[in-house]
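Close look at the chain arrangement
What follows is the residue order along each chain.
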Amino acid sequence: METLNDKKSRVPHTYVIICGFVILMAILTYVIPAGSYSAVFNEEIGKDVIDPNSFEYVEKSPVSLLSLLTSVTLGMQGVGDVIFFVFIIGGSMEIINATGAIEHGVGTLARNKFMGKFFIPVFAFVFGLMGATFGASDELVVFAPIGVAVAHAFGYDALTGLSAVTLGAACGFNAGFLNPFSTGVAQSIAELPMYSGIELRIVVFVIMFAVTVWYIMRYAKKVKADPKASIVYGCRCETEKEDVDISQIAKMGKRDVAIMLLFVAGIIFMVYGVFNWEWYIDEMSGIFIAVGVIAGIIGGLNLNKIANTFVEGAASLTFGALVTGFAKAIVIVMEEGQIMDTIIHALSQAVIALPTGISVVGMFIVQIIVNFFIPSSTGQAATIMPIMIPLADLSDLNRQIAVLAYQFGDGFSNLLWPTASCTIMCGIAKIPMGKWYRFFLPIFAVFFVLQIIFIVIAVLMNYS
């Protein structure tokens, strides 16, 4: 009889999947010609952007075995700030958890009948607004443990909690009706008014949100009825959870409320800093250290306990932190072999060859593929939009449609590619990538079809 371990062995380990991509890219450097675009400074967005007419083939530089082996360490150096950010999140969240504030808060929520029925749509909507308005994506890793804890409290699995956070945020990021990092940058490059065409994007968000909530709640209902129906049944995210009797959890006290208010204030302060002071990971990490330490003091922990707890929390996220470095190795190999620009150029030429009526669908698919190589929304806009805007002009398509295709391609695929944020999220939630794909690919296919429908509607209405 096939055992659970036999079934689990069929699913490739996250590191196996990523290393497979690294090796594949190294092999492709021997097959694909090397090429390069030149960059020019765009004063509108204050960044270098690709000159679409500057592509040229250069001398081939295939990746050696030594370069392949060192790509992981170079990848870790390239995303060192992200790795340390994950460690700091793990340490700080563990301090907050050690105070009992999260447990008491989750217990209070779990006893609330309203939240018991509606926590999935509430979480998805809150994080959806965060994605739509200030482009929250990678920053939401701090909420992954909370989402998982709340889901467990209500009798669901870790996938339910993680997806309420990630898919909800992806709905907002995908629509991006007020997202300065995707919509704002892309529209600036396209020389369109900032946040123009917002009406259709809001409709996109509403429909995508409804589909997302339906999908998660349908899965969650199955898991609650039969825990063995969980895709992650038997995985670390389920076997290492604490079985807690909700009725025995103390209600939130004054200290708990103060700690959670401190946590929320820290998040708001970080968001303000990102928007107004150009803060990024270094500043956000500093705020989280402060929040963790102050929370520990409020919670009555001594300094030695705070330090030991921080180390334990950071250690628990080693898997999730280091996986980002392995994923970055994919890009390192492509850059060293100089095949990234060649692939982008080939994809753009393929779009040109398409009939005018379906060229915009080709743009959308190209954006999904490019997001594998360039997961940063602003980086992708600076690289691909200067190429896609002239293609839209040649195809007599409104530039707003090209921006929409970019947004769609950059949205849900962040939860698909191992080079993007899904690796960090799964690592923190202790969910194997193979299990995540089993859950996510069906809804991704639905989103793919829906987005093509929206693109066709945009063309028919001459969306502007």
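Details of the structure are given in the entry above.
Fair warning: this is a prediction, and the values are worked out from it, not measured in the lab.

1. Some thoughts on the overall build of the chain
Each helix and strand counted, the chain has 21 helices and 4 strands in total. Relative to the compact-globule value of 23 Å for 464 residues, the chain shows a C-alpha radius of gyration of 23 Å, a close match. Structurally, the chain occupies a C-alpha span of about 65 × 55 × 55 Å along its principal axes. Counting across all 464 residues of the chain, residues that qualify as buried make up 55%. Within the chain, counting contacts between residues at least 6 apart in sequence, those at least 24 apart form 80% of the total. Of the roughly 20000 Å² of accessible surface on the chain, 64% is carried by carbon and sulfur atoms. Across the chain, 25 positive and 33 negative side-chain charges occur, with their mean positions spaced 17 Å apart.

2. Quick word on helix H8 (residues 158-175)
An ideal rise of 1.5 Å per residue puts 26 Å on 18 residues; H8 measures up with 26 Å between its terminal C-alpha atoms. Along H8, the sharpest kink reaches roughly 25°, centred on alanine 164. Where burial is concerned, most of H8 is hidden: 18 out of the 18 residues are buried. Downstream of H8 by a residue or two, glycine 176 has a phi angle that is positive, lying close to 55°.

3. Points about the packing of H8 against helix H21 (residues 433-460)
Axes are the key here: two packed helices are described by the angle between their axes and the distance separating the axes. Where H8 meets H21, the closest approach of the two axes is 12 Å, and the angle between their N-to-C directions is 25°. Considering the angle they form, H8 stands roughly parallel to H21. Between H8 and H21 lies a crossing of right-handed hand. Residue-level contacts link Leu159, Leu162, Ser163, Thr166, Leu167 and Asn174 of H8 to Lys435, Trp436, Phe439, Phe440, Phe447 and Gln451 of H21. Of the residues belonging to the contact of H8 with H21, the class tally is 7 nonpolar, 4 polar and 1 charged.

4. As for the pattern of salt bridges
Applying the stated criterion across every chain yields a total of 2 salt bridges. Arginine 399 serves as the salt-bridge partner of glutamate 191, at 3.6 Å between the closest nitrogen and oxygen. In this pair, glutamate 191 sits in the loop between helix H9 (180-189) and helix H10 (198-225) while arginine 399 sits in helix H19 (residues 399-411), placing the two residues 208 residues apart along the sequence. Judged by its relative accessible area of 68%, glutamate 191 is exposed. Arginine 399 sits in the partly exposed class, given a relative accessible area of 25%. Across the pair arginine 399 and aspartate 393 runs a salt bridge whose closest N-O atoms are separated by 2.8 Å. Here the salt bridges do not stand alone but share partners, grouping Glu191, Asp393 and Arg399 into one network.

5. Re the packing of aromatic side chains
Each aromatic ring pair is characterised by the separation of its centres together with the angle its planes make. Across all of its chains, the model carries 25 aromatic pairs by this definition. When the centroid spacing of 5.9 Å and the interplanar angle of 80° are considered together, the rings of phenylalanine 269 and tryptophan 277 count as edge-to-face. Overall, phenylalanine 269 belongs to the partly exposed group, its relative accessible area being 37%. With relative accessibility at 44%, the residue tryptophan 277 sits in the partly exposed group. Through successive ring pairs, a cluster of aromatic residues spans Trp214, Tyr215, Tyr219, Trp436, Phe439, Phe440 and Phe444.

6. Quick look at the nonpolar core
If you look at the biggest cluster of nonpolar residues, it comprises 150 residues, and the most contacted ones within it are Phe143 and Trp436. If one sorts the elements of this core by residue count, H21 sits on top with 12 residues. Those residues in contact with tryptophan 436 that lie beyond four places of it in its chain are Leu159, Leu162, Ser163, Thr166, Leu415, Cys422, Cys426 and Ile431.

7. Things to note about the environment of glycine 168
Among the secondary structure elements, glycine 168 is positioned in helix H8. On a C-alpha basis, the gap between glycine 168 and glycine 184 in space is 21 Å, while along the polypeptide they are 16 residues apart. The residues touching glycine 168, leaving out its near neighbours within four places in the chain, are Ala124, Phe127, Gly128, Ser163 and Thr212.

Reading the values: rules and limits
Residues numbered from 1 in each chain as written. Predicted model: local features only at pLDDT ≥ 70, side-chain atom pairs only at ≥ 80, totals over all residues. Heavy atoms only, no water. Helix = DSSP H or I, 4+ residues; strand = E, 2+ residues; numbered from the N terminus. Rg over C-alpha atoms; globule rule 2.2 N^0.38 Å. Buried < 20%, exposed > 50% of the residue type's maximum accessible area, 1.4 Å probe, protein only. Contact = heavy atoms within 4.5 Å. Areas by Shrake-Rupley, 256 points an atom, 1.4 Å probe, with all protein chains shown as cover. Lys, Arg positive; Asp, Glu negative; His and termini not counted. Charge placed at Lys NZ, Arg CZ, Asp CG, Glu CD. Expected span 1.5 Å × (residues − 1). Bend = angle between axes of the 7 residues up to and from the residue. Axes fitted to C-alpha atoms, helices over the stretch in contact; angles between N-to-C directions. Parallel < 35°, antiparallel > 145°, perpendicular 65-115°, else oblique. Left-handed = near helix turned anticlockwise from the far one by under 90°. Nonpolar A, V, L, I, M, F, W, Y, C, P; charged D, E, K, R; others polar. Salt bridge = Lys/Arg side-chain N within 4 Å of Asp/Glu carboxyl O. Phe/Tyr/Trp six-rings, centres within 6.5 Å; stacked < 30°, edge-to-face > 60°. Core = buried A, V, L, I, M, F, W, Y, C linked by side-chain atoms within 4.5 Å.

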